[in-house]
Amino acid sequence: MKIICPELVDENILLRPIVPSDLDHIYQGLSHPDVIKYYGISYKTRSATKAQMEWFRQIEEEGSGVWWAIVSKDGDEFYGACGFNNYSPVHRKAEIGFWLLPEYWGRGIIASSARVICDHAFSKMGIHRIEAVVETANHSCKQVMKKLGFVLEGTQQDAEVKDEQFISLHLYALLNK
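A brief report on the enclosed structure follows.

Parameters and conventions
- Residues numbered from 1 in each chain as written.
- Predicted model: local features only at pLDDT ≥ 70, side-chain atom pairs only at ≥ 80, totals over all residues.
- Heavy atoms only, no water.
- Helix = DSSP H or I, 4+ residues; strand = E, 2+ residues; numbered from the N terminus.
- Rg over C-alpha atoms; globule rule 2.2 N^0.38 Å.
- Buried < 20%, exposed > 50% of the residue type's maximum accessible area, 1.4 Å probe, protein only.
- Contact = heavy atoms within 4.5 Å.
- Areas by Shrake-Rupley, 256 points an atom, 1.4 Å probe, with all protein chains shown as cover.
- Lys, Arg positive; Asp, Glu negative; His and termini not counted.
- Charge placed at Lys NZ, Arg CZ, Asp CG, Glu CD.
- Core = buried A, V, L, I, M, F, W, Y, C linked by side-chain atoms within 4.5 Å.
- Pairing = 2+ DSSP bridges.
- Axes fitted to C-alpha atoms, helices over the stretch in contact; angles between N-to-C directions.
- Phe/Tyr/Trp six-rings, centres within 6.5 Å; stacked < 30°, edge-to-face > 60°.

### Digging into the overall build of the protein chain
A count of helices and strands for the protein chain gives 5 helices and 8 strands. Whereas a compact globule of 177 residues would reach a radius of gyration of roughly 16 Å, the protein chain reaches 15 Å, a difference of no more than 12%. Summarising its shape, the C-alpha atoms of the protein chain cover approximately 40 × 40 × 35 Å along the three principal directions. Buried positions account for 50% of the 177 residues belonging to the protein chain. Of the contacts formed within the protein chain by residues at least 6 apart in sequence, a portion of 58% connects residues at least 24 apart. Of the roughly 9,600 Å² of accessible surface on the protein chain, a fraction of 50% belongs to carbon and sulfur atoms. Taking the average location of the 19 positive side-chain charges in the protein chain and that of its 23 negative ones, the two points are 4 Å from each other.

### A closer look at unusual backbone geometry
Even without being a glycine, Asp158 presents a positive backbone phi close to 45°. When you line up the elements, Asp158 lands in strand β7 (residues 151-162). Overall, the relative accessible area of 46% leaves Asp158 in the partly exposed class. Backbone geometry at Glu164 places phi at a positive 65°, although glycine is not the residue there. In this structure, Glu164 sits in the loop between β7 and β8 (165-175).

### Section: the nonpolar core
In terms of nonpolar packing, the biggest core is built from 55 residues, with Leu15, Phe84, Ile96, Trp99, Ile130, Met145 and Phe150 touching the most fellow members. It is helix α4 (residues 109-124) that provides the largest number of residues to this core, a total of 8 residues. Not counting chain neighbours up to four residues away, the residues in contact with Met145 comprise Phe98, Ala132, Val134, Phe150 and Tyr172.

### A look at the sheet that holds β7
An order of β1-β2-β3-β4-β5-β6-β8-β7 is seen for the 8 strands of this open sheet, with the pairing classed as mixed. For this open sheet the edge positions go to β1 (8-9) and β7, each flanked by a neighbour on one side alone. Bridge analysis of strand β4 (residues 78-88) against strand β5 (residues 93-100) gives 7 bridges, and the strand direction is antiparallel. Looking at β5, one finds that Phe84 is bridged to Ile96. Contacting β3 (66-72) and β4, helix α3 (residues 46-62) runs over the sheet at an angle of about 125° to β3.

### Some thoughts on the packing of aromatic side chains
Under the defined criterion, the tally for this structure stands at 6 aromatic pairs. Their ring planes at 65° and their centres at 6.2 Å tell us that Trp55 and Trp67 sit as a pair that is edge-to-face. Pair noted here: Trp55 is in helix α3 and Trp67 is in strand β3, with a separation of 12 residues, a long-range link. Take Trp55: its relative accessible area is 29%, and that puts it in the partly exposed class.

Shape is all these values report; function is a separate question.
The structure is reproduced here in structure tokens:
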């Protein structure tokens, strides 16, 4: 079942569907060393980034997720992307993810964007639980989780290998109460 990706707004940002013309912006973010430091995906070429664009399309089509481009209210500036994947309609939960181009860090854009999509998930998608998996070293993301009211439920020790090193992951959750 396809998930609909409506435009969402807040006072300073517009969240709109990701479109093919966003390829260069997605590449710019997902190839930037500071953005991908704690992100699970990276690309070395624009051409390789087409796989990410296909993934955005595919998760919407199969009903397992939805991602938005985060842009200025007038649509002129691309800031980053946010959304949900691993959506389970049976369990009424999804995993949140987001990234932002470094020149826009520290402006509250991610917290605002995440708040908007969480509100949408709870009110329109029927989601009851939103999860976030965060590398324990990602202090900025942990701050965003705290601002949004996510609760740290636990830590998975040495749960994944990254750059030939084991990393631990925090599991956060926000419930629709």
